[in-house]
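Structural characterization, general
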Amino acid sequence: MKLLHVVGARPNYMKAAAVMRAARAAGAEQLLVHTGQHYGARMSDVFFADLGLPAPDHQLGVGSGTHGEQTARVMMAIEPVIDQARPDWVLVVGDVNSTVAAALTAVKLGVRVAHVEAGLRSFDRTMPEELNRLVTDALADLCLTPSPDADANLRREGRAPGAIRRVGNVMIDVLDANLARARERGLPARLGLPRNGYAVATLHRPANVDRASSLRRLLALLGEAAARLPVVFPVHPRTRARIAEAGVPIPGGLRLEEPLGYLAFVSLLDGARLVLTDSGGVQEETTAL
Ligand code: UD1
Ligand code: UDP
């Protein structure tokens, strides 16, 4: 069986790593396409090294842009790749713009699509991810779900039971597989932080960071927490850009860092007393930890 996996943004790498590893063990032929939605050492390269992902067979290099631009660029760039490879399945993960763009392109070429992490819903259509999830799940030939609530959402939307397959949470499979290696990184000690005596914060949802007033309020709250225990804040590039644009002051005690690699970040989460986050993946990882 020939599989073509698509990754684009930070949370995609972990999920694809889990699926590629299982498919390799099952003897599948695999191709990996990186759309380039996220790029550079800290938002891309480090994850390939940490997760042992093979170098992508195709780098589409689409980069940043508006939703329309980014989605269209992925579609234009991936169409000839899928058409030439003619895989048995295109595997898309999560809910980023690269996910919906690749799924729509593949089904129009008559190539079957499997969606990993299907069926999740926030029921908030102001979130770009919710629109990506709804469209991808409506198009996918196979919806691979993490949990019973996801199955129920898909059935309610009219997906046939035969198109829904519960496989569990691949993000947590990857966490289990890498936790011991992550702990060896010893991030808390390296940053001079007492185990169970610090907090970690991440923020990147547009609803939280794109409006200066919300961003200001959230940073002030993190500042209040930082008055009571050290708060380490690896800053997502979207958030870094919004902080600079809005000239939001950084409260004293809040420790800004560059985005961390996967093993370093999991090591930091593992030693934390408290995590403050709007990340989908980090919510799952902290729950499991
Ligand atoms: C994207 C996903 C979001 C996911 C998040 C994970 C969509 C609609 N959003 O949001 O669901 O939770 O990734 O991190 O697909 N930038 C860089 N370097 C990068 C990537 C982005 O500097 O490597 C900056 C650019 O200024 C860019 C901005 O961040 O315009 C936003 O990037 P984008 O990929 O559009 O969305 P994210 O906020 O990263
Ligand atoms: N992550 C990371 N370094 C960071 C922040 C997050 O490796 O500095 C990892 C985190 O452990 C999880 C994934 O990135 O596996 C979540 O990605 P993100 O928060 O960007 O996106 P979301 O899950 O909200 O879509």
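One structure accompanies this document, and this report is about it. Since the model is a prediction, treat every value here as computed from it, not as a measurement.

**Section: the overall build of the protein chain**
- Helix and strand counts for the protein chain stand at 13 helices and 11 strands.
- Computed over C-alpha atoms, the radius of gyration of the protein chain comes to 19 Å, within 12% of the 19 Å expected from 2.2 N^0.38 for 289 residues, which places it in the range of a compact globule.
- Principal axes of the C-alpha set define a box for the protein chain whose edges measure 55 × 40 × 35 Å.
- The proportion of buried residues among the 289 residues of the protein chain is 53%.
- Here the analysis covers contacts within the protein chain between residues at least 6 apart in sequence; of these, 70% occur between residues at least 24 apart.
- Surface accessibility of the protein chain: about 13,000 Å² in total, with carbon and sulfur atoms responsible for 52%.
- Averaged over its 33 positive side-chain charges, the protein chain has a centre that lies 3 Å from the centre of its 30 negative ones.

**What to know about the packing of helix H3 (residues 67–85) against helix H4 (residues 97–108)**
- Closest axis-to-axis distance for the H3/H4 pair is 8 Å, and the angle between their directions is 45°. One way to sum up the angle between H3 and H4 is to call them oblique. As for the relative orientation of H3 and H4, their crossing is right-handed in sense. Of the residues in H4, those touching H3 at His67, Gln70, Thr71, Val74, Met75, Ile78, Glu79 and Ile82 are Asn97, Ser98, Val100, Ala101, Ala102, Leu104, Thr105 and Ala106.
- Each residue belonging to the contact of H3 with H4 can be placed in one class, and the counts come to nine nonpolar, six polar and one charged.

**Digging into the site of ligand 1**
- Lining the immediate environment of ligand 1, one finds 16 residues, of which His38, Asn97, Glu129, Arg205 and Arg238 sit closest.
- Interatomic distance of 2.7 Å between a side-chain N/O atom of His38 and an oxygen atom of ligand 1.
- Burial of ligand 1 by the protein amounts to 85% of the accessible area it has alone, namely 750 Å².
- Those elements that provide at least two residues to the shell around ligand 1 are H3 and helix H11 (237–246).
- Grouping the amino acids of the shell around ligand 1 by side-chain chemistry returns five nonpolar, eight polar and three charged.

**A closer look at the pattern of salt bridges**
- Applying the stated criterion across every chain, the model contains 18 salt bridges.
- Taking the shortest distance from any N to any O, the salt bridge between Arg133 and Asp95 comes out at 2.6 Å. Linking Arg133 in helix H5 (residues 128–139) with Asp95 in the loop between strand E4 (89–93) and H4, this pair joins segments that are 38 residues apart in sequence.
- Its relative accessible area of 9% is what places Arg133 among the buried residues.

**Here's the deal with the sheet that holds strand E9 (residues 231–234)**
- Across the sheet, which stays open at both edges, the four strands sit in the order E10-E9-E8-E11 with parallel pairing between neighbours. Each end of this open sheet is capped by a strand with a single partner; those strands are strand E10 (254–257) and strand E11 (274–277). Each strand of the sheet is rotated relative to its neighbour by a mean of 20°, with strand direction disregarded.
- Where strand E8 (residues 199–202) and E9 come together, two bridges link them in parallel fashion. Its bridge partner being in E9, Ala199 is matched across the sheet by Val231.
- The strands touched by helix H10 (residues 212–226) within the sheet are E8, E9, E10 and E11, with E9 carrying the most contacts at an inclination of about 145°.

**Topic: the site of ligand 2**
- The local shell around ligand 2 holds 18 residues, among which Arg10, Leu260, Ser279, Gly281 and Glu285 are the closest.
- Within the backbone of Gly280, one N or O atom sits 2.9 Å away from an oxygen atom of ligand 2.
- The side chain of Glu285 places a nitrogen or oxygen atom 2.5 Å from an oxygen atom of ligand 2.
- For ligand 2, whose unbound accessible area comes to 540 Å², protein coverage reaches 96%.
- Sorting the residues of the shell around ligand 2 by element identifies helix H1 (10–25), helix H12 (262–270) and helix H13 (280–288) as the ones contributing at least two each.
- Here the shell around ligand 2 gets four residues from one element, more than from any other, and that element is H13.
- When its residues are assigned to classes, the shell around ligand 2 shows 10 nonpolar, five polar and three charged.

**Some points on H4**
- Here H4 contains 12 residues, and its C-alpha end-to-end distance of 17 Å stays within 8% of the 16 Å for a straight helix at 1.5 Å per residue.
- Within the sequence span of H4, burial applies to Asn97, Ser98, Thr99, Val100, Ala101, Ala102, Ala103, Thr105 and Ala106.
- Those residues of H4 that are buried lie in contact with strand E1 (2–7), H3, E4, strand E5 (112–116) and H5.

**Section: the side chain of Asp151**
- Its location among the elements puts Asp151 in helix H6 (residues 148–156).
- The class of Asp151 is buried, set by a relative accessible area of 7%.

Thresholds, definitions, all that
Residues numbered from 1 in each chain as written. Chains lettered and ligands numbered in written order. Predicted model: local features only at pLDDT ≥ 70, side-chain atom pairs only at ≥ 80, totals over all residues. Heavy atoms only, no water. Helix = DSSP H or I, 4+ residues; strand = E, 2+ residues; numbered from the N terminus. Rg over C-alpha atoms; globule rule 2.2 N^0.38 Å. Buried < 20%, exposed > 50% of the residue type's maximum accessible area, 1.4 Å probe, protein only. Contact = heavy atoms within 4.5 Å. Areas by Shrake-Rupley, 256 points an atom, 1.4 Å probe, with all protein chains shown as cover. Lys, Arg positive; Asp, Glu negative; His and termini not counted. Charge placed at Lys NZ, Arg CZ, Asp CG, Glu CD. Axes fitted to C-alpha atoms, helices over the stretch in contact; angles between N-to-C directions. Parallel < 35°, antiparallel > 145°, perpendicular 65-115°, else oblique. Left-handed = near helix turned anticlockwise from the far one by under 90°. Nonpolar A, V, L, I, M, F, W, Y, C, P; charged D, E, K, R; others polar. Near = heavy atom within 4 Å. Polar contact = N/O pair within 3.5 Å; in protein donor to acceptor, adjacent residues only side chain to side chain. Salt bridge = Lys/Arg side-chain N within 4 Å of Asp/Glu carboxyl O. Pairing = 2+ DSSP bridges. Expected span 1.5 Å × (residues − 1).

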